[in-house]
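# Fold and geometry: a report
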Amino acid sequence: MRRARGERVGTVIADLTVCGAVAPYNALAAGKLVGALAVSPKVISAYRTKYARPSEIASAMAGRSVERESRLSFISTTSLYGSGSSQYNRLRWPATVMGGPDDQQISFHQLGRSRSFGTSQFTDDTVDALVRLSRLQGATVRVNSLFGEGVSPRLRKVRLGLAALGWSSNELLKHGRERIVYGVRLVENLRDYSLGIDPDPRYLVDPEQVDGEAAVAQWWFERWGGRRAGQAAVAESMRAHRLVRPLRHGARVPLPDVEDAPSEQTPPATDQQACLPGHHGQDLGAAGY
């Protein structure tokens, strides 16, 4: 089991961290489209293209070239809230949409709930103080947020600081905001392939299907998008968004009010600048999701 976890489980399973649709496309249930596209043949193919190469950490530890299995077999994700998820609820479709067998379905299965551990309840200043404290106390394990050290460096930093205070990290790191955990099975022989019993995956989708995304989009439109677009309330809510001046678009993030007047070196933000960071002043538009 330990060998299978090291050789396969960590590389044939991926986690979908951020998935959704920004306004006004959320009114069309476009989040379901994004969720379905996240497990499409193009994603499976791109994943293998990116990771079908020697592993840096494993190769360095073994002193030889070590290549991990890179054929994606399972994708997991969590709900935004703990009460339920309208996005992943009833999100299932025939495998034939993606070139799979006639008697199979692809779906987001509810697996359980998260244990609700994390660091979102700690501010950056608190984390910095805990890191300084753990170093002053001579912590034997340093967390430098470098590649290869392990997952969640922020969590490990907070744990070391709490330990330096003599406080129970398990109690303080549990924020209590549970999330529903979902999983999407991409292969028929998930267990045996993940454990290394079967050498090859038997895909429910065809990773080589070139038009799989178009078929998924057509399925989504017939199932959800077209029906939503025909509802008067949805159409009215979408008309409230516009990409011409004056811009009124729900995907734009307004800048916070600043009490002090801007200096000459810091000109006030224009309408083009008041958008999501990292998009260089461009409105998200249709590419937002």
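These remarks concern the structure in this document. (Residues numbered from 1 in each chain as written. Predicted model: local features only at pLDDT ≥ 70, side-chain atom pairs only at ≥ 80, totals over all residues. Heavy atoms only, no water.)

## Some thoughts on the packing of helix α5 (residues 124-136) against helix α6 (residues 153-165)
Operational definition: As a rule, the C-alpha atoms of each element are fitted with a line to give its axis, helices using only the stretch in contact, and angles between N-to-C directions run from 0 to 180 degrees. Secondary structure elements follow DSSP: runs of H or I no shorter than four residues count as helices, runs of E no shorter than two count as strands, and numbering proceeds from the N terminus. In these notes the angle categories are as follows: under 35 degrees is roughly parallel, over 145 is roughly antiparallel, 65 to 115 is roughly perpendicular, and the rest is oblique. In this scheme the crossing of two helices becomes right-handed for a clockwise turn of the near helix relative to the far one and left-handed for an anticlockwise turn of less than a right angle. In this description, contact between two residues means that some pair of their heavy atoms is separated by no more than 4.5 Å. Only Asp, Glu, Lys and Arg are considered charged in this grouping, and only Ala, Val, Leu, Ile, Met, Phe, Trp, Tyr, Cys and Pro are considered nonpolar; every other residue, Gly among them, is considered polar.
Contact geometry for α5 and α6: axes closest at 8 Å, N-to-C directions at 60 degrees. Looking at the two axes, α5 sits oblique to α6. Two packed elements cross with a definite hand, and for α5 against α6 that hand is left-handed. Here Asp-124, Val-127, Leu-130, Val-131, Leu-133 and Ser-134 of α5 lie close against α6, whose contacting residues are Arg-154, Lys-157, Val-158, Leu-160, Gly-161, Leu-162, Ala-164 and Leu-165. Split into classes, the residues belonging to the contact of α5 with α6 amount to 9 nonpolar, 2 polar and 3 charged.

## Observations regarding the pattern of salt bridges
This is how the line gets drawn: When a carboxyl oxygen of Asp or Glu is within 4 Å of a side-chain nitrogen of Lys or Arg, the pair counts as a salt bridge. Burial classification: accessible surface area is computed with a 1.4 Å probe over protein chains only, and a residue below 20% of its type maximum counts as buried, one above 50% as exposed, and the rest as partly exposed.
By the definition in use, this model includes 8 salt bridges. The salt bridge involving Arg-71 is made with Glu-69; its shortest N-O contact spans 2.8 Å. In this pair, the class of Arg-71 matches that of Glu-69, namely buried. One network of salt bridges, with partners in common, ties together Arg-8, Glu-69, Arg-71 and Asp-200.

## A look at the nonpolar core
Operational definition: Here, nonpolar core means buried Ala, Val, Leu, Ile, Met, Phe, Trp, Tyr and Cys residues that are tied together by side-chain atoms lying within 4.5 Å of each other.
With 41 residues, the main nonpolar core has Trp-93, Ile-106, Leu-186 and Trp-219 as its most contacted residues. Those elements giving two or more residues to this core turn out to be β1 (13-16), α2 (30-37), α3 (41-51), β2 (74-78), β6 (180-185) and α9 (212-229). Excluding its chain neighbours within four sequence positions, the residues that come into contact with Ile-106 are Leu-91, Arg-92, Trp-93, Ala-95, Met-98, Val-184, Leu-204 and Val-205. Leu-130, Val-131, Val-158 and Leu-173 belong to the second largest nonpolar core, which has 7 residues in total.

## Thoughts on unusual backbone geometry
Between Ala-23 and Pro-24 the backbone carries a cis peptide bond, its omega angle lying at 5 degrees. Along the chain, the position of Pro-24 falls in the loop between β1 and α2. The backbone of Arg-90 sits at a positive phi, close to 60 degrees, despite the residue not being glycine. Topologically, Arg-90 is positioned in the loop between β2 and β3 (92-94).

## Focus on the environment of Ala-163
Checked against the element boundaries, Ala-163 lands in helix α6. Measuring from C-alpha to C-alpha, the distance between Ala-163 and Gln-137 comes to 10.0 Å, with 26 residues separating the pair along the chain.

## Some details on the pairing of β6
Put simply, the rule reads: Pairing between strands is defined by DSSP: at least two bridges between them are needed.
As judged from the 5 bridges shared by β2 and β6, these two strands associate in the antiparallel manner. Each residue of the ladder has a partner; that of Ile-75, found in β6, is Val-184. Across 4 bridges, the pairing between strand β5 (residues 109-113) and β6 is antiparallel. From the neighbouring strand, Gln-110 faces β6, where its bridge partner is Tyr-182.

## Brief notes about the side chain of Ser-85
Relative to the helices and strands, Ser-85 is located in the loop between β2 and β3. Ser-85 sits in the buried class, given a relative accessible area of 14%. Not counting residues up to four positions away in its chain, the partners in contact with Ser-85 are Ser-79 and Tyr-182.

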